[in-house]
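# Inside the fold
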Amino acid sequence: DFYFLIVLLVLPFSLSGNISDKKKLQFNEDGTFKIVQFTDTHYNYESTKSEVVIQNISAVLEAEDPDLIIFTGDIVTHAPVSKGWRNITAPLVERNVPWCVTLGNHDDEYDKCRKEILDLLEDIPYNYTQKGPSEVYGWGNYVLQIQGHSSGKTETLIYCMDSNAYTLMDGVGTYGWFQLSQVNWYVETSNRYRKRNNGKSLPALAFFHIPLPEYTEAWNNGDVGPVGVKNEDVCAPVINTGMYAAMLQQGDVMATFVGHDHVNDYVAPLHGLALIYGRFSGGGDTYGDLRNGARVIEITEGKRMFITWIRLREGEKFREVKYKKGHIINLEP
């Protein structure tokens, strides 16, 4: 009985230790919420060339003071993976910044599979990554809720998805695609939140690694934009299972944010949905000649709008645009 009493006394404290770092994601008093997207760091724990990756993360955090960090794949791409993840998240943990991950095609090529990577991340503080429903294909299909500053109600959704790795069919392209269970999960989740919100879609953003096939069409869209550079072909899957179409029809997602192509960083609208690349955040352990940095996104409570820009490691801020009701407005002179 004595030992049972001790367990009852200790258990709440041990449980609270696991969840004490999970503060509510909430708009600030001024109605804004700032997200920083790091992508394609290709961090190598044992390489001096990767030191610039940590310097970049620290510099961007110092300049932007974000409310949430999202890593969009190909983050730690050399063994030992566990030490790599500890190192690359250390600047976030030191600053008590919430963060989450979507996996890329290279993350699980070393000493951890996708599930094992998400397992090890669970032990790092301020991690909001979820494994997602077991019946949905992939690892890391989940949604984060950003709550109103005073209302406490969910005001904006952040979809994080596993865009998978490589083709599942011989001779059919190179990269993987969203499986139908993932498209269905997104639609069902979107419908559930719409029902809770009296039939009105909540503003949402979506983050994953591999660009959708529509990224090429968006770049070639003659009506508006794009803003940014396209220095390589869009490396999308050749099979299109309709994730873009689903988002367009649901009407909640304002923009998608991806990585994968290291020398592309553009914002391009297509039928009112903005298709956006992050900014290469890596160092000398992978390809690319763009100066490293991050994409910053600032959303506004109660509005279908956001502002986004690129912040470089050296401090420069540029390519600032506003998304408002389906339109992209270039804010630079």
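Just so it is clear, the structure is predicted and the values come from calculations on it, not from any experiment.

## Re the packing of helix H5 (residues 180-196) against helix H7 (residues 243-250)
Packed helices, taken two at a time, are described by the angle their axes make and the gap between the axes. Where H5 meets H7, the closest approach of the two axes is 10 Å, and the angle between their N-to-C directions is 10°. Here H5 is positioned roughly parallel relative to H7, judged by the angle of their axes. Across the interface between the two elements, Gln 182, Val 183, Tyr 186, Val 187, Ser 190, Asn 191 and Arg 194 of H5 pack against Met 243, Ala 246, Met 247 and Gln 250 of H7. Residues that form the contact of H5 with H7 fall into these classes: six nonpolar, four polar and one charged.

## Focus: the nonpolar core
Among the nonpolar cores identified, the biggest contains 31 residues, and Tyr 159, Met 161, Tyr 186, Phe 208, Tyr 215, Met 243 and Met 247 are the most heavily contacted of them. Those elements that provide at least two residues to this core are strand E5 (154-160), H5, strand E6 (204-207), helix H6 (214-219), H7, strand E7 (253-258), strand E8 (267-270) and strand E9 (273-277). Each residue touching Tyr 215, except ones within four places of it in the same chain, is listed here: Val 234, Thr 256, Phe 257, Val 258, Tyr 266, Leu 275, Ile 276 and Tyr 277. Membership of the second largest hydrophobic core comes to 30 residues, among which are Val 36, Val 60, Leu 61 and Ala 294.

## Regarding the environment of Glu 62
Along the polypeptide, Glu 62 turns up in helix H2 (residues 51-64). The class for Glu 62 is exposed, based on a relative accessible area of 60%. Along the primary structure Glu 62 and Gly 315 are separated by 253 residues, whereas in three dimensions their C-alpha atoms are 9.6 Å apart.

## Structural notes on the state of the cysteines
Two cysteines, two sulfur atoms, one covalent bond between them: this is a disulfide. The full count for this structure, using the stated rule, is zero disulfides. Here Cys 160 is not cross-linked by a disulfide; its sulfur's nearest cysteine counterpart is in Cys 100, at 4.0 Å. Classification of Cys 160 by relative accessible area gives buried; the value is 0%.

## Digging into the sheet that holds E7
Pairing in this open sheet of six strands is mixed, and the strands run E4-E5-E6-E7-E9-E8 from one edge to the other. A strand with exactly one partner marks an edge of an open sheet, and here the two such strands are strand E4 (142-147) and E8. Across this sheet, the average inter-strand angle for adjacent strands is 20°, counted without regard to direction. Of the pairings in the sheet, the one linking E6 to E7 comprises four bridges and is parallel in character. Looking at the pairing, Ala 204 lines up with Val 253 of E7. Here H5 sits on the sheet and contacts E4, E5 and E7; the angle it forms with E5, its principal contact strand, is near 175°.

## Structural notes on the packing of aromatic side chains
Using the criterion set out here, one finds 15 aromatic pairs in the structure. Summarising the aromatic geometry, the rings of Tyr 215 and Tyr 266 are spaced 6.4 Å apart at their centres and angled 50° between planes, so their arrangement reads as tilted. Residue Tyr 215 is located in helix H6, and its partner Tyr 266 is located in the loop between E7 and E8; the two are separated by 51 residues in the primary sequence. In terms of burial, Tyr 215 and Tyr 266 fall into one category: buried. Consider the rings of Phe 306 and Tyr 323, whose centres lie 5.1 Å apart with planes at 5°: the pair is stacked.

How each quantity is defined
- Residues numbered from 1 in each chain as written.
- Predicted model: local features only at pLDDT ≥ 70, side-chain atom pairs only at ≥ 80, totals over all residues.
- Heavy atoms only, no water.
- Axes fitted to C-alpha atoms, helices over the stretch in contact; angles between N-to-C directions.
- Helix = DSSP H or I, 4+ residues; strand = E, 2+ residues; numbered from the N terminus.
- Parallel < 35°, antiparallel > 145°, perpendicular 65-115°, else oblique.
- Contact = heavy atoms within 4.5 Å.
- Nonpolar A, V, L, I, M, F, W, Y, C, P; charged D, E, K, R; others polar.
- Core = buried A, V, L, I, M, F, W, Y, C linked by side-chain atoms within 4.5 Å.
- Buried < 20%, exposed > 50% of the residue type's maximum accessible area, 1.4 Å probe, protein only.
- Disulfide = S-S within 2.5 Å.
- Pairing = 2+ DSSP bridges.
- Phe/Tyr/Trp six-rings, centres within 6.5 Å; stacked < 30°, edge-to-face > 60°.

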